[in-house]
Amino acid sequence: MRLLRVIVRRFAKNKLSVTGAVIVGALILTAVFAPVIAPYDPTAIDVYNALSPPSKAHLFGTDELGRDLLSRIIWGTRVSLKVGFVAVGIAILIGVVVGSIAGFYGGRVDAILMRIVDMMLAFPTFFLILAVIAILEPSIFTIMAVIGVTGWMDVARLVRAEFLSLKERDFVDAARALGIRNRRLIFRHILPNAVSPVFVAATFGVAGAILIESGLSFLGLGVQPPDPSWGNILTAGKDNIEIAWWLSLFPGLAILVTVLSYNLVGEGLRDALDPRLWGTEEE
Amino acid sequence: MVAYLIKRLALMVPLLFGITLITFTVIHLAPGNPVEVQTEMSLKVSAQAKENLKKLYGLDRPLHVQYIDWLGRFVAFDFGTSFVDGRPVVDKILERIPITLTINVLSLLIIVAVAIPIGVLSATKQYSLFDKLSTVFVFIGFSTPTFWLALLLMILFGVNMGILPISGIQSIDVSDMSPFERVIDWARHLILPVGISAFGGIAGLSRYSRSSMLEVIRQDYIKTARAKGLDESTVVFRHALRNALMPIVTILGLSVPGLIGGGVIFETIFAIPGMGQLFYASTMARDYPTIMGILVIGGILTLIGNLIADVSYAVVDPRVRTKKET
């Protein structure tokens, strides 16, 4: 695994990306151990302490029902991670299959698939997502599915481009000469060579999915109260904008830091995985 | 050039067809229908009455018949009437387009005016302090939820400082104002929405301008230009920027759907009566004709954005318009 070591070393050179990776790690731990870390029950109502500003008892203050904001934000980590990973997983799955088939077979198949990609790209995606979610029941599952189904086009294009150049290479001819079937050739021989751009796109994709989820939940079309999500806490922030700044500030900061971390990791991965940049500095 | 334009326009037709087909299928295959939504509040509505309503809206016919019917009227620019208030969908959308378009065009102008200079400057002074600062800005810009930024700015300028209005596009007492005051009033209402809508775009576009510029600056013809002894500003603006602008134009065209779609959130926040807000209200009411109308018009606007991008690409780069195959 010399290659892996090279990649890790190159990634480690970028301090910002390492910071991002550390934060992402911390967020995952937070999500997993949310019940242990959160100081209060995120749904415990305490009307006597409603809308109290940040204090020693409630570090981030409380919301309109007196629920502890810090605890709700900690539990919200789970939502954002789930949505991020599942939605991107769906997007990658569709994108890889479409992109591989288009790039590998070329010709008419490619033309048809790429026109479909063009059509999907011509939609204001957010409109489409909104329409589908409003028509189905809004829930975390609907969100994950819809973000995934409307977000695969870039991956498909990336994978197709990789396939177009990879399929001309000698190892593909060699595999063909050995009589390997197309499906095996695509998924076992060519695809592994095309994973690095997909990996990078996935990292940026998680960031994007978290942003979309927060927007939808903010509009009331995502995670439904009383379950806490960063987006739906911000709805309460908007409703109480004149009196409770903390309800607007902290959940947004959580989104910003999370999305920023994924973007930084993505940037670092892109540089680390780009073989053209290898050896440009001292090895 | 004319041939190129015609070819591009012809390519749009199947795309448009596909857009209408996808929209129609998605919306009509979904469970729940407008008759249920309209009647769920009143228990007295009989099953017979519901059937009559369905017939009235044409919902009792097979899907493909409904689609062909809709497509036929669509060609004549008739999107039917809204399920909510019975007004023609075209009217409902047309009255919303100007404000949405104004905000989008203004923010696009700001994006171009701010982002390209930032990108050029950070590319020509790569690794300088300015480059590093702008990189930090770009990453924060990419990662900030715009609706959150909107909330913070509303708190800051609207609530704490009280210097900017935080909702609508005009004050209540607008009818008492002189024309000049009206323009000022309108501008004050638009500052926050336009600025916020531009914010994310600036981050994205300045990043693209930077990498596009970096790519060009490494080219041999730039070395040649420098070797000829041309001064740096001529090299940067005449030789490098013109070539670097081309991919930027494409990105701008592709950013149109994002801008239109993003409008849903901040039009809702700022209570701006634009297409985004109408769309939100229509999805909530399952107003199919309006939803479809907006989706299709949004799709058309996107295609027009792409078309403008491609055409300006062709204007800037003779290689594109003379190429035989696209």
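See the structure printed just above.
Let me begin by describing the structure that accompanies this report. (Residues numbered from 1 in each chain as written. Chains lettered and ligands numbered in written order. Predicted model: local features only at pLDDT ≥ 70, side-chain atom pairs only at ≥ 80, totals over all residues. Heavy atoms only, no water.)

### As for the overall build of chain A
Short version of the rule: Put simply, DSSP marks the helices as runs of H or I at least four residues long and the strands as runs of E at least two long, and each gets a number from the N terminus on. Only protein chains enter the accessibility calculation, which uses a 1.4 Å probe. A residue is then buried if its area is under 20% of the maximum for its type, exposed if over 50%, and partly exposed in between. Contacts between residues were defined by any pair of non-hydrogen atoms, one from each residue, lying within 4.5 Å.
Across its full length, chain A holds 13 helices and 0 strands. Along chain A, helices (α) and strands (β) appear in the sequence α-α-α-α-α-α-α-α-α-α-α-α-α when read from the amino end. By principal-axis analysis of the C-alpha atoms, chain A measures approximately 75 × 50 × 30 Å. Counting every position in chain A, which comprises 283 residues, the buried fraction comes to 51%. A sequence separation of at least 24 residues applies to 72% of the contacts in chain A between residues at least 6 apart.

### With respect to the overall build of chain B
Here is the rule we go by: Note on areas: Shrake-Rupley with a 1.4 Å probe; residue coverage comes only from the protein chains shown.
If you tally the helices and strands in chain B, you get 14 helices and 0 strands. In chain B, the succession of helices and strands from N to C terminus is α-α-α-α-α-α-α-α-α-α-α-α-α-α. Residue burial in chain B is summarised as follows: out of 326 residues, 45% are buried. When contacts within chain B are restricted to residue pairs at least 6 apart in sequence, those whose partners lie at least 24 apart make up 72%. Total accessible area on chain B stands at roughly 16300 Å², and carbon and sulfur atoms take up 67% of it.

### Describing the packing of helix 11 (residues 256-269) of chain B against helix 13 (residues 288-316) of chain B
Residues and elements named next belong to chain B. What counts is decided by this rule: Here an axis means a line fitted to C-alpha atoms, over the contact stretch when the element is a helix, while the angle between two N-to-C directions is reported on a 0 to 180 degree scale. For this classification, under 35 degrees means roughly parallel, over 145 means roughly antiparallel, 65 to 115 means roughly perpendicular, and everything else is oblique. In this scheme, a crossing is called left-handed if the near helix is turned counterclockwise away from the far one by less than a right angle; it is called right-handed if the turn is clockwise. All amino acids are sorted into three groups, where Ala, Val, Leu, Ile, Met, Phe, Trp, Tyr, Cys and Pro are nonpolar, Asp, Glu, Lys and Arg are charged, and the leftover types, Gly among them, are polar.
It is at 8 Å that the axes of helix 11 and helix 13 come closest, and there the two elements cross at 150°. The angle between helix 11 and helix 13 places the two elements in the roughly antiparallel class. Pair helix 11 / helix 13 crosses with right-handed handedness. Touching V256, P257 and I260 of helix 11 are G298, L301, T302 and G305, all from helix 13. Here the contact of helix 11 with helix 13 is built from residues that sort into 4 nonpolar, 3 polar and no charged.

### Regarding the packing of aromatic side chains
This is how the line gets drawn: Working definition: a ring pair exists when centres of Phe, Tyr or Trp rings (six-membered ring for Trp) sit within 6.5 Å. Plane angles under 30 degrees give stacked, over 60 give edge-to-face, the rest tilted.
Inspection of every chain in the model, using the stated rule, returns 9 aromatic pairs over all chains. Relative to B:F279, the ring of A:F127 lies with its centre 4.4 Å away and its plane at 15°, an arrangement referred to as stacked. One end of the pair, A:F127, is in helix 6 (residues 125-135); the other, B:F279, is in helix 12 (residues 275-284), on a second chain. The pair A:F127 / B:F279 is uniform in exposure class, with both members buried. Taken together through their ring pairs, the aromatic side chains of A:F60, A:W245, A:W246 and A:F250 make up a single cluster.

### Quick word on the interface of chain B and chain A
Rule in force here: Summed over both partners, the accessible surface that disappears when two parts come together, traced with a 1.4 Å probe, is what is meant by buried area. Think of a salt bridge as a Lys or Arg side-chain nitrogen and an Asp or Glu carboxyl oxygen that are within 4 Å of each other. Here a polar contact is taken to be a pair of N or O atoms separated by no more than 3.5 Å, where protein atoms must pair a possible hydrogen donor with a possible acceptor and residues adjacent in sequence count only if both atoms sit in side chains.
The partner chain A presents 40 residues to the 46 residues of chain B that form the contact. With both sides pooled, the region where chain B packs onto chain A buries about 3800 Å², and carbon together with sulfur makes up 83% of that total. For the pair chain B and chain A, the number of links is 1 salt bridge. Here A:E267 makes a salt bridge to B:R207, at a shortest N to O gap of 3.3 Å. Our count for the chain B to chain A interface comes out at 5 residue pairs in polar contact (both at pLDDT 80 or more). When residues in the side of chain B that touches chain A are grouped by element, the largest group, 8 residues, is from helix 1 (residues 2-29) of chain B. In the side of chain B that touches chain A, the residues fall into 33 nonpolar, 11 polar and 2 charged.

### Let's talk about the layout of surface pockets
Residues and elements named next belong to chain B. To keep things clear, this is the line we draw: Using a grid of 1 Å spacing that covers the protein atoms alone, one calls a set of points a cavity when a 1.4 Å probe fits there but cannot get out, and a pocket when the set is open and has protein on both sides within 12 Å along at least five of seven lines; lining residues are those with an atom within 4 Å of a point. Grid points are joined across faces, edges and corners, and a volume is the space filled by probe spheres set on the points.
Reported here for the second largest pocket is a volume of approximately 460 Å³. Lining the second largest pocket we find 18 residues, and of these V105, L108, V256, G305 and I308 sit closest to its centre. Tallied by class, the residues present in the lining of the second largest pocket amount to 14 nonpolar, 4 polar and no charged.

### Comments concerning the nonpolar core
To keep it simple, the criterion reads: Residue types Ala, Val, Leu, Ile, Met, Phe, Trp, Tyr and Cys, when buried and joined through side-chain atoms within 4.5 Å, form a set referred to as a nonpolar core.
Among the nonpolar cores identified, the biggest contains 127 residues, and A:L130, B:W70 and B:F270 are the most heavily contacted of them. Considering every element that reaches this core, the biggest residue donor is helix 13 (residues 245-273) of chain A, with 12 residues. Residues contacting A:L130, with those up to four places away along its chain left out, are A:L216, A:L219, A:L221, B:V264, B:F279, B:Y280 and B:T283. Residues B:A115, B:I116, B:A198 and B:A225 belong to the second largest nonpolar core, which totals 20 residues.

### With respect to the environment of A:S100
Residues and elements named next belong to chain A. For S100, the location among the structural elements is in helix 4 (residues 69-105). Overall, S100 belongs to the buried group, its relative accessible area being 0%. Note: C-alpha distance between S100 and D274 (174 residues apart in sequence) is 20 Å. What S100 contacts, discounting residues up to four positions off in sequence, is V159, F163, I186 and L191.

### So, helix 11 of chain B
Residues and elements named next belong to chain B. We count it as follows: To estimate the expected span of a helix, subtract one from its residue number and multiply by 1.5 Å. Bend at a given residue is defined as the angle between two axes, one fitted to the seven residues that end at that position and one fitted to the seven that begin there.
Here helix 11 is 14 residues long and its end C-alpha atoms lie 20 Å apart, about the 20 Å a rise of 1.5 Å per residue gives. Roughly 35° is the biggest bend found in helix 11, and it falls at G263. Along helix 11, 11 of the 14 residues are buried, which leaves the element largely enclosed by surrounding structure. Within the span of helix 11, buried status applies to V256, P257, L259, I260, G261, G263, V264, I265, F266, E267 and I269.

### Comments concerning the pattern of salt bridges
All names here are of chain A. One pass over the structure, following the stated rule, counts 14 salt bridges over all chains. The salt bridge involving R72 is made with D63; its shortest N-O contact spans 3.6 Å. With respect to class, R72 is no different from D63; both count as buried. A salt bridge links R115 to D118, with the shortest nitrogen-to-oxygen separation between them at 3.0 Å. Here R115 and its partner D118 are both found in helix 5 (residues 107-122), 3 residues apart, which amounts to about one turn of the helix. Sharing partners across several salt bridges, the network here consists of D63, E64, R67 and R72.

### Structural notes on helix 5 (residues 89-124) of chain B
Every α-helix carries 3.6 residues per turn, so stepping three or four residues along brings you back to the same face. Taking 1.5 Å per residue, 36 residues should reach 52 Å; helix 5 of chain B reaches 50 Å between its end C-alpha atoms and fits that length. Largest kink in helix 5 of chain B: about 35°, centred on B:I97, with the proline B:P98 one to four residues after it.

### Things to note about unusual backbone geometry
The amide bond that connects A:P225 to the next residue, A:P226, takes the cis arrangement and shows omega of 10°. Tracing the backbone shows A:P226 in the loop between helix 11 (195-218) and helix 12 (230-239). Its identity as a non-glycine residue notwithstanding, B:Y127 has a phi of 70°, on the positive side. If you trace the backbone, B:Y127 turns up in the loop between helix 5 and helix 6 (129-143). The backbone of B:A271 shows a phi angle near 55°, a positive value even though the residue is not glycine.

### A closer look at a nonpolar patch on the surface
All names here are of chain A. This is how it is decided: Grouping into patches uses exposed residues only, defined as over 30% relative accessible area, and leaves out salt-bridged ones; the cut-off is 9 Å for like charges and 5 Å for nonpolar side chains (Val, Leu, Ile, Met, Phe, Trp, Tyr).
The grouping of I28, L29, V32, F33, V36, I37 and F85 at the surface amounts to a nonpolar patch, some 670 Å² of accessible area in total. For the nonpolar patch, the secondary-structure elements that each account for two or more residues are helix 2 (15-32) and helix 3 (34-37). Per-element accounting of the nonpolar patch gives the leading share, 3 residues, to helix 2. On the secondary structure map, F85 appears in helix 4.

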